Structure formats: structure tokens, C-alpha cells
Amino acid sequence: MNPEQFKSSLAEAGIQLNDQQMAQFNRYFELLVEWNEKINLTAITALEEVYLKHFYDSLTVAMHVEMADQEYRLVDVGSGAGFPSIPLKIALPNLDITIVDSLNKRINFINEVVNELGLEGVHAYHDRAEIFGQNPQFRDQFDFATARAVARLNLLAEFCLPLVKKDGQFLAMKAQKSDDEIEEAKHAIAILGGKFVEDIQFDLPAEAGERHILRIEKPKETPNKYPRKPGKPAKSPL
């Protein structure tokens, strides 16, 4: 998917990009390739693959969940090189984005991208998700939490749901369908105040594979003891 195909495919999905936004995506690609020579950000560096499997893929969440028009707050947990949060911010400037990642090198990259692209309303933090979720500044503050292929759903739920405000949504982006993973996580989701709503399934263009957005709403507040101390969720998942 070249940049023009990217633009037209998004337009068909109801996401219109202007010249400035296209220029921002181009510069983002350049920075990704440049920094990837110094630190390991992604195995995908070819232009057409980045535009399809990183940029377009990140924006699928906005095609299936209403995020436009209002000043929603979104937290991206384990963002890596900024997916899906940075493409979402470029395409939907109304979003206020918070990014948390446990590797400071990635946060340095994110800050460079934010500065180079002139993005406002993006806040990047080097922290463990378990610590971040207990910080009163961030807990229960976000309309959306996203995580893209970071870990199994029961673990992701403990990282993400404490950050979501009541009646907000946690959106887990997955490459493969896993009914077992969803079933395994339902107990954890319930404990954390969430409710599994749906598995949104679709295919990327150009036969690039199936994708899933697991949509979890939060009708109740998360008990104060979650997330547990660093390392505990991974060692003994809910």
C-alpha cells in the first residue's frame, strides 16, 4: 500500500487526510526507518508494508469505534514505536493522547516524532504499566485505552482497565482470532470492572491478514488493588 493508496483507502472508510497529515505520515515513516537503525523498533521497514501494516492497521480502530469530533482522551499501553496512538493522533487531531512504555529508548523516539511532526496533545511516559495504573494522575482518566499485540488479554486487562474511566472502553488489537484467550480473560475483565462486548473481525487490504479488535466496556470502577505490583500480573494472571 503506497501513500496514495493509503489515503484513498482511508477516504473510503470515512477518514479524510489533508496534505499536512500526509506529510506527517511521510515524516513519521522516515523517522521510523532512521531510528530503527539505532534501536529495534520494528521488523517492518519497507514503505508499502509500513503504510499498510502499521499506519493503516493502527487506524482500523477508528473505523470501527467512534472516536472523532469530541476531545476524547486515549491512553496507549506498551505503544512501542507509537502504534496505534501516533497514527490516530495524526488522523484525528481531536484526540488527547497519552503513551506509556517500559523502554525509555522508545519514549525518546516518540518524543522526537511528536516534535518533528508538530503534534500537540501527546504525552509520553517511561513507566511500567503496573505503576502507571496506580498513579492518581492517570487512573480512571481515559475514554479509551488501546494495546496492540502486547500480551494475552487477561494480562492486558489488568494493565489497561484501571486507566479507563467508568463507561469508557478498552480496545485490544489482535492479529489472530482466539476464542480461548477471550474466554480465559472474562474472569479477569469482570474482576477489573469490565465487560467483554464484541470481537470486531476484519481483513486488511491486499490480503495482508485478518485482524481483531476486542472491545471491552467498563461499567464499574476497578478495585483499588489493581493493577498489582510490577511483575505480579505476569507471574500469576487473573
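Look up: the structure comes first, before these words.
The structure contained in this document is the topic of the report that follows. (Residues numbered from 1 in each chain as written. Predicted model: local features only at pLDDT ≥ 70, side-chain atom pairs only at ≥ 80, totals over all residues. Heavy atoms only, no water.)

Concerning unusual backbone geometry
Note: most peptide bonds trans; most residues except glycine with negative phi.
Thought 1: Omega for the bond connecting Phe83 with Pro84 falls within 30 degrees of zero, at 10°, which places this linkage in the cis form.
Thought 2: Mapped onto the fold, Pro84 is located in the loop between strand S1 (73-77) and helix H4 (85-91).
Thought 3: One non-glycine residue, Asp69, adopts positive backbone phi at about 80°.
Thought 4: With respect to the secondary-structure elements, Asp69 resides in the loop between helix H3 (47-64) and S1.
Thought 5: Asp69 sits in the exposed class, given a relative accessible area of 73%.
Thought 6: In the Ramachandran plot, Ala206 falls in the positive-phi region, its phi being about 60° despite a non-glycine side chain.
Thought 7: Looking at the secondary structure, you find Ala206 in the loop between strand S6 (195-203) and strand S7 (210-217). (Helix = DSSP H or I, 4+ residues; strand = E, 2+ residues; numbered from the N terminus. Buried < 20%, exposed > 50% of the residue type's maximum accessible area, 1.4 Å probe, protein only.)

Some words on helix H1 (residues 3-12)
Thought 1: For H1, the full list of buried residues reads Phe6, Ser9 and Leu10. Take H1 and look down its axis: the buried residues cluster within an arc of 100°, on one side only. Opposite the packed face of H1, turned more than 90 degrees from it, sit the exposed residues Glu4 and Glu12.
Thought 2: Buried residues in H1 make contact with helix H2 (19-36) and H3.
Thought 3: One or two steps after H1, the chain reaches Gly14, where phi turns positive at roughly 95°. (Arc of directions from axis to C-beta. Contact = heavy atoms within 4.5 Å.)

Quick look at helix H7 (residues 153-160)
Thought 1: Burial of H7 is extensive: 8 of the 8 residues sit out of reach of the surface.
Thought 2: Within the sequence span of H7, burial applies to Leu153, Asn154, Leu155, Leu156, Ala157, Glu158, Phe159 and Cys160.

Some points on empty space enclosed by the protein
Thought 1: Applying the stated criterion across every chain yields a total of 1 cavity of 30 Å³ or more.
Thought 2: Of the voids in this model, the largest cavity is the one considered here, and its volume is about 40 Å³.
Thought 3: Considering the residues around the largest cavity, the lining is formed by Lys174, Gln176, Lys177, Ser178, Glu181, Ile182, His212 and Leu214.
Thought 4: Broken down by secondary-structure element, the contributors of at least two residues to the lining of the largest cavity are helix H8 (179-191) and S7.
Thought 5: A breakdown of the residues in the lining of the largest cavity according to their chemical character gives 2 nonpolar, 3 polar and 3 charged. (1 Å grid on protein atoms, 1.4 Å probe; cavity = no way out; pocket = protein on both sides within 12 Å on 5 of 7 lines; lining within 4 Å. Points joined across faces, edges and corners; volume = space filled by probe spheres on them. Nonpolar A, V, L, I, M, F, W, Y, C, P; charged D, E, K, R; others polar.)

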